[in-house]
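# Structure assessment
Residues per chain, in single letters:
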Amino acid sequence: MKAPLALRLPYSPDYFDWFASKSFRAFMALGLGLIAISFAPIFIRLCETEITPYATIFHRSWMAMLMFAGLEIISRNTSNQNLPDQKDEAANVDGKTNWKLSGILLLLLGVTFTVAVVSWAWALTQTTVANSSLLHSLTPLFTGLFAWMFWGQKFSRAFLLGVAIATGGAILLGVQEFSFNPEHLWGDAVSLFSAVFFSVEPLLAERLRERFGSSTIMFWCFAVVTVLTLPLVLLFPDGSVPVSLKGWLTILAMAVVCQVIGHGLLTYCLKYIAAEIVSLSYLLVPVMSSVEAWLFFNESLTWLSAIIFTVVLGGIVISVSGLTPRVTADSVATPTS
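First, a word on what this report is: a plain description of the structure on this page. Nothing here was measured: the structure is a model prediction, and the numbers come from that model. (Residues numbered from 1 in each chain as written. Predicted model: local features only at pLDDT ≥ 70, side-chain atom pairs only at ≥ 80, totals over all residues. Heavy atoms only, no water.)

### Focus: helix α14 (residues 303-322)
Along its 20 residues, α14 runs 29 Å from first to last C-alpha, staying within 8% of the 28 Å computed at 1.5 Å per residue. Those residues of α14 that sit buried are S305, I308, V312, G315, I316, S319, V320 and G322. Along the axis of α14, the buried positions cluster into a sector of 165°, meaning they face one direction only. Counted as exposed and oriented over 90 degrees from the buried face of α14: W303, I307, T310 and V317. (Helix = DSSP H or I, 4+ residues; strand = E, 2+ residues; numbered from the N terminus. Expected span 1.5 Å × (residues − 1). Buried < 20%, exposed > 50% of the residue type's maximum accessible area, 1.4 Å probe, protein only. Arc of directions from axis to C-beta.)

Printed below as a string of structure tokens:
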């Protein structure tokens, strides 16, 4: 077994081998996935003039569901040409599939994601974006806490130091615009509630990646989201359907970029990178979104954002070095999706 990345000496054979491994591809997928998801505020801003946030969630979910269904069909057709030992991605170590447990995990993932995005959408109507973003900076802490409570995950001091640095940097970004208002208490509380559910999502997806390809997981996830958000669209029909071609194209672009590319890549890398690292990496998204808002909407961008981005990224690197991740084990079979 190869030494963890942090223990490899520069210019050693293992160091160069890593760049040609599944490990490197997983980190590349993580970076591209984060960039894709960071475009969500841009698309939401373009959509909000025509439809409600709940309708946006519904439409982008059923579109993503259909796209992942197509990817799953292509993946299955491709896997039929592989060797038998490369096909059975849903089998466990005993060679048998616990479909009941898999079904429960898939359902929980869909419900968790639905509750997270819907509660966040409602919270943004009751509090400020700055308050909500600050509370969502606590998501990695909840992910680590739940991994310790339910999965028995143990963390080194280096990992905890990295989490503290990255989380502290993200909080510093949000605290400058944070405002306390008694009228925002419910919105703030629900924002924290949604952060808890967002923290559970990568843990469930990580376990599902031991059984399924990423397109399978995302298909069932967005299928559940579609079913659960349909009643909201029916209960609030005003603004439930885009009224222009531009509106439909914006939602379609959001489904492709944020759901299929973004969530698809992040789910893919969870087979190789620990959920705690993926959750911590989400802290980079607000800064990425700020840069994109500066590029597309000429919003102000300060040097503080660049400094905080560096601090958060540094904390993530320290956390990676302090956690023995599955990303260093190249013995895992190549996923079909």
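Now that the structure has been shown, we can carry on.
### Some words on the packing of helix α8 (residues 157-175) against α14
Between α8 and α14, the least distance of the axes is 7 Å, while the angle of their chain directions is 160°. Between α8 and α14, the crossing angle belongs to the class labelled roughly antiparallel. Seen along the crossing, α8 lies across α14 with a hand that is left-handed. Between α8, through A158, F159, G162, V163, I165, A166, G169, A170, L172 and L173, and α14, the contact on the second element is made entirely by S305, I308, V311, V312, G315, I316, I318, S319 and G322. Split into classes, the residues belonging to the contact of α8 with α14 amount to 13 nonpolar, six polar and no charged. (Axes fitted to C-alpha atoms, helices over the stretch in contact; angles between N-to-C directions. Parallel < 35°, antiparallel > 145°, perpendicular 65-115°, else oblique. Left-handed = near helix turned anticlockwise from the far one by under 90°. Contact = heavy atoms within 4.5 Å. Nonpolar A, V, L, I, M, F, W, Y, C, P; charged D, E, K, R; others polar.)

### Section: the nonpolar core
Counting 60 residues, the largest nonpolar core has L109, C269 and I273 as its most contacted members. With eight residues, the top contributor of residues to this core is helix α5 (residues 99-123). Those residues in contact with L109 that sit more than four places away from it in its chain are E201, L204, A205, L208, I217, M218 and C221. Counting six residues, the second-largest nonpolar core is a separate cluster that includes I51, M63, I251 and A255. (Core = buried A, V, L, I, M, F, W, Y, C linked by side-chain atoms within 4.5 Å.)

### Let's talk about the packing of aromatic side chains
Across all of its chains, the model carries eleven aromatic pairs by this definition. Judged by centre distance (5.8 Å) and plane angle (85°), the rings of F113 and F222 are edge-to-face. Pair noted here: F113 is in helix α5 and F222 is in helix α10 (residues 214-235), with a separation of 109 residues, a long-range link. As far as burial versus exposure is concerned, F113 and F222 are alike and both buried. Among the aromatic residues, those joined into a ring-pair cluster are F68, F113 and F222. For the cation-ring pair, R207 lies above W151, with the distance from its terminal atom to the ring centre recorded as 3.9 Å. (Phe/Tyr/Trp six-rings, centres within 6.5 Å; stacked < 30°, edge-to-face > 60°. Lys NZ or Arg CZ within 6 Å of the ring centre and 35° of its normal.)

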